[in-house]
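Here is what each chain is made of, one letter per residue.
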Amino acid sequence: MSLENKEKYEALQNVIDELKNEPGALMPIMQRAQDIFGYLPEDVQNYIAKELDIPVSDIYGVATFYAQFNLEPKGKYIISVCMGTACYVKGSQLVLDKLEEVLEIPAGRTTADGLFTLNATRCLGACGLAPVIMVNDDVYGRLTPDQIPAIIEKYRR
Amino acid sequence: MDLIRSHVMVCGGTGCTSSNSAAVIAEFEKQLTAKGIDKEVKVVRTGCFGLCEAGPVCIVYPEGSFYAHVKVEDVERIVEEHLIKGRIVKDLLYKGAVKEDNTIKSLDKVDFYKKQKRVALRNCGVIDPENIDEYIAFDGYQALGKCLTEMTREDVIDVILKSGLRGRGGAGFPTGLKWKFAYNSQSEKKYVCCNADEGDPGAFMDRSVLEGDPHAVIEAMAIAGYAIGADQGYIYCRAEYPIAVKRMQIAIKQAREYGLLGKNIFGTDFSFDLDVRLGAGAFVCGEETALMTSIEGKRGEPRPRPPFPAVKGLFGQPTILNNVETYANVPQIINKGWEWFASMGTEKSKGTKVFALGGKINNTGLVEVPMGTTLREVIYDIGGGCPNGKKFKAAQTGGPSGGCIPASELDIEIDYDNLLAIGSMMGSGGMIVMDEDNCMVDIARFFLDFTVDESCGKCAPCRIGTKRMLEILERIVEGKGEDGDIEKLETLAETIKATALCGLGQTAPNPVLSTLKYYRHEYEAHIYEKRCPAGQCKALLNYKIDPDKCKGCTLCARQCPANCISGKVREPHVIDNSKCLKCGACMEKCKFGAISKG
């Protein structure tokens, strides 16, 4: 185990010790585990199963039920395109189409260089700025497709 | 204590934060310090003001000057001119807040606010949500004190019952009745839950309450705990709302420090504590049984009712679950009396309702109006109508469970029963406006796409039925609709409504049924004439060049990526629609308006 990985597992163990006696602790533990590792690799699922003394199938079941748990690593920049109704009626599909074209990946995938993950997401609640995308924590609102290449270029540099 | 002569209230809601209000706040603080007036002017980051369209917004008191679209570089002028020299910077004010004679209007006279009545949102934009003292200064925790020291548990339930408060999360079940059922359930352990998993696309009122007035929710949940006999509560919040989660956690910590949560509150034998649980992106968790299963840490699948949560809910114990906006009304009902609350609204829908206005409307944002306000007042008087002079086509309410309200129903008085009667529903309060350019078949497809993606898969009618409906709708918008498709959609819709396990499944066909009811001709145009009347469905679009307007400049032909435009210089051009990709580049570039689509 690499040193970095060892530190991550230590952090995970602390989380488990802190939460395991709380009722309904599994989801909060998995959420914190994902914060630590960036996603939920099989080894991490096995580790949590062993520590909580539950079958790993329970963990896999929860991980695949909720959209926010990732079983694969994500890109450095996660692009979320809001597909809520307000954004949709104001043309978010065209924005998503343009992103797919510029990044050369379909929604839900990560670019080969590991830089970008493109997600079509549920309402971000910034309907006043529709259509909206988020790149990690940066919000871009009132977008038109022709603004997309410049935004992507900013993160490629 | 410093004497504060001016307050600068800057909106820190998600809408304005996305428009960079955090940098505006930082710049105010920097400028005030630089000018040496940071001890006499206070900058407050508040919750949502409602008018997201004008964001970032800030209001300077005592004058009540409403500045809109404030940029970082504007801040120095506001500080220099307004806060030092006392001259309001009129060109930066929100245009609707300046009168014709160039004096300023108070906020309640501005068109956007004139017809509103802020009850659930009363503290949003008024107090600093991260400071419990400001909430207390606005009568905060007074209602909890009154309940614990002056009222019996039965009294509390009675007041809520008589007020006529109904659940603001969708179905409109009477809140007091829910509390009474849980009160009547005998158990050592009971729970109070708050549904802050606001999943309806286009609805953000709950988030704004959590961000702008978190203590109101805490206070109401403690009151509910007292009423039904619970000592533990959970707030189940969407993980997509980081600002709301953070403010709620701060608020819980402060309430504990003040002894307003924890053991022996107000010196009585009542104890109550709260925890925040985060959702992980599953729409179905807005359904009450699914939400509780999710708090238990499992796959958030709904289960059949009965038993109802009031009998057997979270961890198998009696539980009440109310929505954020519902809770936000409770402390004021206790303080001001049920008669006050019941005096607002219609016969069967009391109080106010918050709507998130979005889509093709000028004043996007949050509005709170008394029940019974007409849709026309909301869309035109408050919302300012559709932008760019376009014609209003429909308002969609109730999210994926609701329907579209056509222009012919604009004078409907909005309440639970009236909306149901015309095939939509109140829902949590998203109100998305569509104009003549929006295709209603495509909107139905959009919602079904959402439902199929979010169906938990537990029951067959929802898992398989909505998928079949989506397939038919996809064919129709692609120009492959067949005779009989409409009837198939109707049969599937009725079957799903009658047989799906949970409320979300049962209401999933509503967007299709309501658009079929009012816009059947659009479905028929797609299927039989292979035409999209709104000009939105790409596969059905045909671009045309008007030979009388075309000057033969060749610009369109040079733009066309498919090389399907032909014609000689200075002669009218022609589009070969068999090769056209429908990208619209030609139409965008044409300087003579000669190209049209339809």
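What you see is a predicted model, and the numbers here were worked out from it, not measured in a lab. (Residues numbered from 1 in each chain as written. Chains lettered and ligands numbered in written order. Predicted model: local features only at pLDDT ≥ 70, side-chain atom pairs only at ≥ 80, totals over all residues. Heavy atoms only, no water.)

### Focus on the packing of aromatic side chains
Residues and elements named next belong to chain B.
Moving on, step 1. For the structure shown, the criterion picks out 19 aromatic pairs over all chains.
Moving on, step 2. With 6.1 Å between their ring centres and 55° between their planes, Trp 340 and Phe 341 make a pair best called tilted.
Moving on, step 3. With relative accessibility at 0%, the residue Phe 341 sits in the buried group.
Moving on, step 4. One Lys or Arg, Arg 207, reaches over the ring of Tyr 241 and ends 5.6 Å from the middle of that ring.
Moving on, step 5. Over the face of the ring belonging to Phe 355 we find Lys 353, whose NZ or CZ atom lies 5.7 Å from the ring centre. (Phe/Tyr/Trp six-rings, centres within 6.5 Å; stacked < 30°, edge-to-face > 60°. Buried < 20%, exposed > 50% of the residue type's maximum accessible area, 1.4 Å probe, protein only. Lys NZ or Arg CZ within 6 Å of the ring centre and 35° of its normal.)

### Digging into the state of the cysteines
All names here are of chain B.
Moving on, step 1. Overall, the coordinates contain 0 disulfides over all chains when judged by the stated rule.
Moving on, step 2. Cys 459 forms no disulfide, and the closest cysteine sulfur to it belongs to Cys 462, at a distance of 5.2 Å.
Moving on, step 3. On the basis of relative accessibility, which here comes to 16%, the residue Cys 459 falls in the buried class.
Moving on, step 4. Cys 560 forms no disulfide, and the closest cysteine sulfur to it belongs to Cys 564, at a distance of 3.7 Å. (Disulfide = S-S within 2.5 Å.)

### A closer look at the interface of chain B and chain A
Moving on, step 1. Listed per partner, the contact involves 51 residues of chain B and 32 residues of chain A.
Moving on, step 2. Summing both partners gives a buried area of about 3,300 Å² for chain B against chain A, and 56% of it is carried by carbon and sulfur.
Moving on, step 3. Its largest share of buried area at the contact with chain A, chain B owes to Ala 280, Arg 299 and Phe 446 of chain B, together 17% of the area lost on that side.
Moving on, step 4. Our count for the contact surface shared by chain B and chain A stands at 3 salt bridges.
Moving on, step 5. A salt bridge links Arg 122 of chain A to Glu 454 of chain B; the shortest N-O distance between them is 2.8 Å.
Moving on, step 6. At the surface where chain B touches chain A, the tally comes to 22 residue pairs in polar contact (both at pLDDT 80 or more). (Contact = heavy atoms within 4.5 Å. Buried area = accessible area lost by both parts, 1.4 Å probe. Salt bridge = Lys/Arg side-chain N within 4 Å of Asp/Glu carboxyl O. Polar contact = N/O pair within 3.5 Å; in protein donor to acceptor, adjacent residues only side chain to side chain.)

### Brief notes about the side chain of Glu 287 of chain B
Residue and element names in this part refer to chain B.
Moving on, step 1. With respect to the element layout, Glu 287 can be found in the loop between strand E7 (273–278) and helix H12 (288–295).
Moving on, step 2. Look at Glu 287: it is buried, it has no salt bridge, and the nearest opposite charge is Arg 305 at 4.5 Å.
Moving on, step 3. Excluding residues that lie within four positions of it along the chain, Glu 287 makes contacts with Pro 302, Arg 305, Cys 502, Gly 503 and Leu 504. (Helix = DSSP H or I, 4+ residues; strand = E, 2+ residues; numbered from the N terminus. Lys, Arg positive; Asp, Glu negative; His and termini not counted.)

### Some remarks on the environment of Tyr 9 of chain A
Moving on, step 1. Relative to the helices and strands, Tyr 9 of chain A resides in helix H1 (residues 3–19).
Moving on, step 2. On the basis of relative accessible area, Tyr 9 of chain A is assigned to the buried category, the value being 12%.

### Examining the nonpolar core
Moving on, step 1. Counting 145 residues, the largest nonpolar core has Ile 79, Leu 99 and Ile 133 of chain A together with Trp 179, Tyr 327 and Ile 334 of chain B as its most contacted members.
Moving on, step 2. Looking at which element gives the most residues to this core, the answer is helix H10 (residues 214–228) of chain B, with 11 residues.
Moving on, step 3. Beyond its immediate stretch of four places on either side in the chain, Ile 133 of chain A contacts Ile 79, Ser 80, Val 81, Val 95, Leu 99, Asp 138, Val 139, Tyr 140, Leu 143 and Ile 148 of chain A. (Core = buried A, V, L, I, M, F, W, Y, C linked by side-chain atoms within 4.5 Å.)

### Things to note about the pattern of salt bridges
Residues and elements named next belong to chain B.
Moving on, step 1. Under the counting rule described, the total for this entry stands at 48 salt bridges over all chains.
Moving on, step 2. The residue Asp 417 makes a salt bridge to Arg 166 at a minimum N-O spacing of 3.5 Å. Of this pair, Asp 417 sits in helix H16 (residues 416–421) while Arg 166 sits in the loop between helix H7 (153–163) and helix H8 (175–184), and the two are 251 residues apart along the sequence.
Moving on, step 3. Between Glu 301 and Arg 299 there is a salt bridge, with the nearest N and O atoms lying 3.5 Å from each other.
Moving on, step 4. We classify Glu 301 as partly exposed; its relative accessible area is 22%.
Moving on, step 5. If you follow the salt bridges from partner to partner, you end up with Lys 35, Glu 76, Glu 80, Glu 81, Lys 85 and Arg 87 in one network.

### Things to note about the domain arrangement of chain A
Moving on, step 1. Taken as a whole, chain A is organised into domain 1 (3–65) and domain 2 (77–156).
Moving on, step 2. On a C-alpha basis, the centroid separation for the pair domain 1 of chain A and domain 2 of chain A is 30 Å. (Domains from an automatic or database assignment.)

### Brief notes about the sheet that holds strand E3 (residues 133–135) of chain A
Residues and elements named next belong to chain A.
Moving on, step 1. Here we have 4 strands laid out as an open sheet, ordered E2-E1-E3-E4, and mixed in their pairing. A strand with exactly one partner marks an edge of an open sheet, and here the two such strands are strand E2 (116–121) and strand E4 (138–140). Along the sheet, successive strands turn relative to each other by an average axial angle of 20°, direction set aside.
Moving on, step 2. Strand direction decides the pairing type here: strand E1 (residues 77–82) and E2, joined by 6 bridges, are parallel. Note on E2: the bridge partner recorded for Ser 80 is Asn 119.
Moving on, step 3. Strands E1, E2, E3 and E4 of the sheet are contacted by helix H7 (residues 148–156), whose axis makes an angle of about 165° with E4. (Pairing = 2+ DSSP bridges. Axes fitted to C-alpha atoms, helices over the stretch in contact; angles between N-to-C directions.)

### Some points on the domain arrangement of chain B
All names here are of chain B.
Moving on, step 1. What the domain assignment lists for chain B is domain 1 (6–107), domain 2 (132–342), domain 3 (352–435), domain 4 (440–528) and domain 5 (541–597).
Moving on, step 2. Taken together, the 17 residues of domain 2 in the interface contact 21 residues of domain 3.
Moving on, step 3. Counting the surface lost from both domain 2 and domain 3, the interface buries some 1,400 Å², and carbon and sulfur atoms represent 58% of this.
Moving on, step 4. Scanning the region where domain 2 abuts domain 3 turns up 2 salt bridges.
Moving on, step 5. Secondary structure elements with two or more residues in the side of domain 2 that touches domain 3: helix H9 (205–212) and helix H13 (324–336).

### Some words on the environment of Ala 33 of chain A
All names here are of chain A.
Moving on, step 1. Within the secondary structure, Ala 33 is located in helix H2 (residues 26–37).
Moving on, step 2. Residue classification places Ala 33 among the buried residues on the basis of a relative accessible area of 0%.
Moving on, step 3. Setting aside residues no more than four positions away along its own chain, Ala 33 makes contact with Leu 12, Gly 38, Tyr 39, Leu 40, Val 44 and Ile 48.

### Looking at the sheet that holds strand E4 (residues 65–67) of chain B
Residues and elements named next belong to chain B.
Moving on, step 1. Read from one edge of the open sheet, 4 strands run E2-E1-E3-E4, paired in mixed fashion. Two strands lie at the open edges of the sheet, namely strand E2 (41–46) and E4, each paired on one side alone. Taking the axes of each pair of neighbouring strands and ignoring which way they run, one obtains an average angle of 20° across the sheet.
Moving on, step 2. Relative to E4, strand E3 (residues 58–61) runs antiparallel, the two being bridged by 3 bridges. Across the sheet, residue Val 60 finds its bridge partner in E4, namely Ser 65.
Moving on, step 3. Set on the sheet, helix H3 (residues 75–84) makes contact with strand E1 (6–11), E2, E3 and E4; between it and E4 the angle comes to about 175°.

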